[in-house]
Amino acid sequence: MSQPIRITLDGDEIEVAPDLPLTSILMERAPGWRESPRLQARRGMFCGMGLCFECVVEVDGQWTRACMERSRSGMEIRTADQRRSAGGGHV
Amino acid sequence: MSEPQTHFRTDEGAVAQILDCDIAIVGAGPAGLAAGEAAAGTGARVILLDTFAAPGGQYSMQPTQGDSPFTDTPAVRLAREATARLAARGVQILTRAEVFHAAKRQDGSFRLAVSQQGAARVIRAGAVIAATGAMERPLPFPGWTLPGVIGAGAAQRLLKTGTGSLGPQGKTVLAGSGPFLFAVAQTFAKAGAPLDHLVEMRRPGVREALGLFLAHPSRLPEALRLMADLKASRARRHSGHMVTRALGTTCLEAVEIAPLGPDGQPGMAAARVLDGVGTLAIGYGFQPVVDLTTQLGADHGHDPALGGFYCQTGADGGTSLAGLYAAGETCGLGGANPARLSGRIAGLSAARGLGFAAAPDETAIKALRRARDFAARLAALWPAPQRLPLSLPPDELICRCEDVRVTDIRAAIQDGAREAMAVKLWTRAGMGPCQGRICGAGLSAVLEEAGVTAIAAGYNRAHLPLRPTPIGIVRAAMASGEWDI
Amino acid sequence: MQRQQVQPPGEAGVIILGGGVIGLSLALALAEAGLRPLLIEARSFGGAVTAGSLAGIGVHMHGMAEFHLMTEACRLWRDLAAKVGNPFEYNPQGQIGFILDQEGMESGEAWVAEESALGAPCRLLTPAQLREIEPGLTGPVLGATWAPDSATVNPFFAARTLLRLAREAGALAFEHCPAAALLSQGGRITGVRLANGQEIRADHTILAAGPWSQEIAAPAGVMVPLRPRQAQCLVGLRQPPGTIRHVVSAVERRGGVDAGYTQIQQSVNGQILFNTVITPVDSGAAGRDRINEVPASFVTSSIDMLVRLFPALADLVLLRSWVRFEAVSPDARFMAGRLAPEGLWICAGDNGSGYCRALMLGRYLAGEISGNSRAGLAPDLVAQARALYAPARFSQQAA
């Protein structure tokens, strides 16, 4: 196993393996990290292959599918939880 | 007023890199890899593109972690070795590269606009091979949008490319229909991840299985291995059952299953609840990914056994659009073997079409026929459900992107929407980020309820952008001067 | 709801060819006038030009000649929304006409002066005032016009509502039912033959098929001088509500039929719709039936203008695009009224802004066809409509 790296997830610094799909990291915490637009229902990874856009997060400010992105040292991930506490924005 | 509009640019510096090739292959799964090898072998300059971080597609997806038990499986090795051979032949492999626009120009050549990790590329190609593969064909059921309910393919991807665990606490249930469930169960076993329940709609009888393997005896060992691994997973097997509800408040907590009666409907009197479930991986089959081929305007057919709408090809892999070829599951479901063979055939044909010396591979053509026969027989043992297997409560969602309920869809049909496009316009189902890929099967099933067949309902043809793409990248690609000619 | 008939009847009061917003509005008005309309749509209701509309409802920058008719057209939409509980997202959000240069300033001042003189609530905004009304518009504008009474509707939901209301009022409507030819007898149009061979008789037949009207009419010897013009739109991913608060459009060059234009707005579900056309191009008749892709130059000009005006949207993710075809008449006004053969009428020539006029034109023709003034517009408006929309104004060219 390679050296763990540090990333920021919703403001918390955590240690993870490098090059890990972000869905792996997020599922570990809780399977729902997004909110649906109209009903504000909890959502999380569904198709896992880049087509359903249910797993979207912000990575370094960019709208990103968690299933298509991998952990890199220093990356900053924001999910709907942090955005809600920060006062808004849809993912 | 029109004058000043021409005098500025969003970002003058952002210009797409132009890449030239003879043949561009979209998708680096078994079909794309085989196509690349065949085409490059004729001397054609090949660019191979894939959305993911490594070639392999779904079948040969590459682990990310060095200590993964999947590092050396035959499928993984296959893609790794093919990739090495392609690189040695000078094939340019672009990973994390998503095609978001494609056009055929009047001179017969093609252009692909590609978004690759924050940069725009435009590929010039004499011919294009669409090897875009297949995706889950999800059927909605009560509770299917709860976090923790994931596609069977998603579970497999997570196990193979992650740390070997699905994440959520609690039991794991694998459910749905078709032989792919066994492959996923095998992945659980290999990853050492616990699988508690396997819920399958149909378990083919011994006689049916016997018929299949008498016709294709070479496939028997693989099947026996799958069955042995399934047993080793120690999952409790519920044959002839289906998931009737996923239960939970903010995420999945339990799964209700019920036995199917002779009419194919679940017998709710005998339904029971599996408690303490953290993950439900569910798969009712796959559908071809046809956004690239529909955008380019190739002809498509519909066959439930092939996963619904598929790109039509001739024996040489050519589509109705000259210079556009399709291989693998873009042309209909069938698995890795037909994919490899059709990839090889399309790769040779595309090269031959551009004047490279490439004789048709008669052996591959014959083998493809046989591989497709096996796939068709296999598919016949597990016919993919076309209708909603159980009636949905009115509030259940069909379109997850826009939160469109089944009652909204039914009301639109009642008001006179008689095709997929009309339902989309009148309900917003399919107007969100997935662009109808995820809700398509559910929508088509609700139209079926109203007597509109899938063929009459039609498909929504893809347009720019094939996948959501940042406008800066779109601009850089479209400003390249390679389009509108 | 009553079940729809499966087959069109052999006879109707009025046949309407084309189930876009114009045909649907006609069906509603004619049904309310008791004229037994039968609507025939080749594909899906509201699925072609109507589906590609941004459905702006307003009088601003449409010219003085039509001002009163447009005011009535807007009132009809507002009243309909109120009457049926607004199922089509009628949104009186107001419209901004941004001004980027001195020529634009002169145009904006002239529009505002003329419209205000006629009683419209529009006015000029300084950049500071604009900032208050549209905070995200931080681009280098010299000022803007502001028409607080302009609205939008959801083009799909409005079409669906009109269809429902028309049917409830007694109209028959059939989709996937293409017409093959007009029927004529003794120089009079007496109905249509469908592609499946069925013939339907009616005293009146209305061409409401937008850019397709020409080819339906031509075999009967009727020339309709409409040409198809391609229009298109880009859609960005859902943004927080209020990212764009109003319809944002370029102040139009005055008198320019084929001038460039910009329209940017946020839909009710949060998506950003935007388009900037620098030079509109004719598509040729064939283009209209192909499923085209947006032109590359349009994509770049639309993105550039969006980002120039709303720099905060530079990271917007593009989600969809579409192309549609507008029916353009030689003087950029509708053709609404009688055509030369008896029994044949037309209501087409949207020039890209048919949505706003649809209910008004439906009323107008219902009055003209029925001869019942209560079914139609007020007498002074009827006179204006006749003067402006009469198809006979092109009869010289048509002959």
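See the structure printed just above.
These remarks concern the structure in this document. Note that the coordinates shown come from a computational prediction; the quantities given were computed from them, not determined experimentally.

Rules of the game
Residues numbered from 1 in each chain as written. Chains lettered and ligands numbered in written order. Predicted model: local features only at pLDDT ≥ 70, side-chain atom pairs only at ≥ 80, totals over all residues. Heavy atoms only, no water. Helix = DSSP H or I, 4+ residues; strand = E, 2+ residues; numbered from the N terminus. Buried < 20%, exposed > 50% of the residue type's maximum accessible area, 1.4 Å probe, protein only. Contact = heavy atoms within 4.5 Å. Lys, Arg positive; Asp, Glu negative; His and termini not counted. Charge placed at Lys NZ, Arg CZ, Asp CG, Glu CD. Buried area = accessible area lost by both parts, 1.4 Å probe. Salt bridge = Lys/Arg side-chain N within 4 Å of Asp/Glu carboxyl O. Polar contact = N/O pair within 3.5 Å; in protein donor to acceptor, adjacent residues only side chain to side chain. Pairing = 2+ DSSP bridges. Nonpolar A, V, L, I, M, F, W, Y, C, P; charged D, E, K, R; others polar. Axes fitted to C-alpha atoms, helices over the stretch in contact; angles between N-to-C directions. Parallel < 35°, antiparallel > 145°, perpendicular 65-115°, else oblique. Left-handed = near helix turned anticlockwise from the far one by under 90°. Disulfide = S-S within 2.5 Å. 1 Å grid on protein atoms, 1.4 Å probe; cavity = no way out; pocket = protein on both sides within 12 Å on 5 of 7 lines; lining within 4 Å. Points joined across faces, edges and corners; volume = space filled by probe spheres on them.

**Remarks on the overall build of chain B**
Okay, so step 1: Across its full length, chain B carries 14 helices and 22 strands.
Okay, so step 2: Expressed along its principal axes, the backbone C-alpha trace of chain B runs to roughly 70 × 60 × 40 Å.
Okay, so step 3: Taking all 485 residues of chain B together, 60% fall into the buried category.
Okay, so step 4: The long-range fraction of contacts in chain B, counting pairs at least 24 apart against all pairs at least 6 apart in sequence, stands at 67%.
Okay, so step 5: Here chain B contributes 47 positive and 41 negative side-chain charges, whose respective centroids are spaced 6 Å apart.

**As for the interface of chain C and chain B**
Okay, so step 1: The interface of chain C with chain B comprises 58 residues on the first partner and 46 residues on the second.
Okay, so step 2: Between chain C and chain B, roughly 4300 Å² of surface is buried when both sides are summed, and carbon and sulfur atoms account for 58% of that area.
Okay, so step 3: Per-residue buried area on chain C facing chain B is highest for Arg160, Glu293 and Leu318 of chain C; these three make up 15% of the total on that side.
Okay, so step 4: Counting across the chain C and chain B interface gives five salt bridges.
Okay, so step 5: Glu402 of chain B is the salt-bridge partner of Arg238 of chain C, the closest N and O atoms lying 2.5 Å from each other.
Okay, so step 6: Applying the counting rule to chain C against chain B returns 19 residue pairs in polar contact (both at pLDDT 80 or more).
Okay, so step 7: Listing elements by their share of the side of chain C that touches chain B, those giving two or more residues are α5 (155-168), β15 (272-277), α8 (296-309) and β16 (317-328) of chain C.
Okay, so step 8: Looking at the side of chain C that touches chain B element by element, the count peaks at ten residues for α8 of chain C.
Okay, so step 9: As defined by bridge partners, strand β22 (residues 469-470) of chain B adjoins β16 of chain C across two bridges and the pair is classed as antiparallel.

**So, the interface of chain A and chain C**
Okay, so step 1: On the chain C side, the residues contacting the five residues of chain A number seven residues.
Okay, so step 2: Buried surface at the junction of chain A and chain C, both sides included, amounts to about 500 Å², of which 72% is carbon and sulfur.
Okay, so step 3: At the boundary of chain A with chain C, the tally comes to zero salt bridges.
Okay, so step 4: In this assembly, chain A and chain C are joined by zero residue pairs in polar contact (both at pLDDT 80 or more).
Okay, so step 5: Of the residues in the side of chain A that touches chain C, the class split is two nonpolar, three polar and no charged.

**Topic: the environment of Trp63 of chain A**
Okay, so step 1: Its place among the elements puts Trp63 of chain A in strand β6 (residues 62-65).
Okay, so step 2: As for Trp63 of chain A and Cys52 of chain A, which are separated by eleven residues in sequence, their C-alpha atoms are 14 Å apart.

**What to know about the packing of helix α1 (residues 30-41) of chain B against helix α2 (residues 74-88) of chain B**
All names here are of chain B.
Okay, so step 1: In contact at an axis separation of 10 Å, α1 and α2 are set at 30° when each is read in the N-to-C sense. Our classification of the angle between α1 and α2 gives roughly parallel. Seen from above, α1 lies across α2 with left-handed handedness. Judged by residue contacts, Leu33, Gly36 and Glu37 of α1 engage Ala79, Ala82, Thr83, Arg85 and Leu86 from α2.
Okay, so step 2: A per-class count over the contact of α1 with α2 returns four nonpolar, two polar and two charged.

**Points about the sheet that holds strand β13 (residues 252-259) of chain B**
All names here are of chain B.
Okay, so step 1: Sheet architecture is open: three strands sit in the order β12-β13-β14, paired in antiparallel fashion. Unpaired on one side and paired on the other, β12 (241-248) and β14 (272-274) mark the two borders of the sheet. Sheet twist, expressed as the average angle between the axes of neighbouring strands with direction ignored, equals 30°.
Okay, so step 2: Where β13 lies against β14, three bridges are found, and the strand directions are antiparallel. Across the sheet, residue Val255 finds its bridge partner in β14, namely Leu274.

**Some points on the side chain of Asn154 of chain C**
Okay, so step 1: Summarising the element assignment, Asn154 of chain C is placed in the loop between β7 (151-152) and α5.
Okay, so step 2: Its relative accessible area of 6% is what places Asn154 of chain C among the buried residues.
Okay, so step 3: Of the polar contacts made by the side chain of Asn154 of chain C, one reaches the backbone nitrogen of Phe156 of chain C; its length is 2.9 Å.
Okay, so step 4: Excluding anything up to four places from it in sequence, Asn154 of chain C contacts Arg428 of chain B together with Phe88, Glu89 and Tyr355 of chain C.

**Quick look at helix α1 (residues 22-29) of chain A**
Okay, so step 1: The buried fraction of α1 of chain A amounts to six of the eight residues, a majority that puts the element mostly inside the structure.
Okay, so step 2: Of all the residues in α1 of chain A, the buried ones are Leu22, Thr23, Ser24, Ile25, Leu26 and Met27 of chain A.

**Some details on unusual backbone geometry**
Okay, so step 1: With an omega dihedral of -10°, the bond running from Leu464 of chain B to Pro465 of chain B counts as a cis peptide bond.
Okay, so step 2: Mapped onto the elements, Pro465 of chain B comes out in the loop between α13 (454-457) and β22.
Okay, so step 3: In this structure, Asp60 of chain A is a non-glycine residue whose phi angle is positive, near 50°.
Okay, so step 4: Summarising the element assignment, Asp60 of chain A is placed in the loop between β5 (56-59) and β6.

**So, helix α14 (residues 471-478) of chain B**
Okay, so step 1: The element α14 of chain B is largely enclosed, with a buried count of seven among its eight residues.
Okay, so step 2: Within α14 of chain B, the full set of buried residues consists of Ile471, Ile473, Val474, Arg475, Ala476, Ala477 and Met478 of chain B.

**Brief notes about the state of the cysteines**
Residues and elements named next belong to chain B.
Okay, so step 1: One pass over the structure, following the stated rule, counts zero disulfides over all chains.
Okay, so step 2: Among the cysteines around Cys311, which has no disulfide bond, Cys331 carries the closest sulfur, lying 6.1 Å off.
Okay, so step 3: The closest cysteine sulfur to the non-disulfide-bonded Cys434 is located on Cys401, 3.9 Å from its own sulfur.
Okay, so step 4: Accessibility expressed as a relative area gives 3% for Cys434, which makes it buried.

**Here we look at the pairing of β16 of chain C**
Residues and elements named next belong to chain C.
Okay, so step 1: Buried residues dominate β16, accounting for twelve of its twelve residues.
Okay, so step 2: Examined bridge by bridge, strand β12 (residues 227-236) and β16 share ten bridges and lie antiparallel to one another. Considered in β16, the bridge of Cys233 is made with Trp322.

**Quick look at the environment of Leu174 of chain B**
Residues and elements named next belong to chain B.
Okay, so step 1: The residue Leu174 is located in strand β9 (residues 171-176) in this model.
Okay, so step 2: Residues Leu174 and Asp403 lie 229 residues apart in sequence; the distance between their C-alpha atoms is 25 Å.
Okay, so step 3: Apart from residues lying up to four places away in sequence, Leu174 is in contact with Ala152, Leu181, Val184, Ala185, Leu195, His197, Leu198, Val199 and Ala281.

**Considering empty space enclosed by the protein**
Okay, so step 1: What the rule picks out here adds up to five cavities of 30 Å³ or more.
Okay, so step 2: Considered as a void within the structure, the largest cavity measures approximately 270 Å³ in volume.
Okay, so step 3: At the level of secondary structure, the elements contributing two or more residues to the lining of the largest cavity comprise α5, β14 (261-266) and β16 of chain C.
Okay, so step 4: Tallied by class, residues from the lining of the largest cavity come to nine nonpolar, ten polar and three charged.
Okay, so step 5: Considered as a void within the structure, the second largest cavity measures approximately 120 Å³ in volume.
Okay, so step 6: Of the residues forming the lining of the second largest cavity, the biggest block, four residues, is contributed by helix α3 (residues 152-161) of chain B.
Okay, so step 7: Of the residues assigned to the lining of the second largest cavity, the class counts are eight nonpolar, four polar and four charged.

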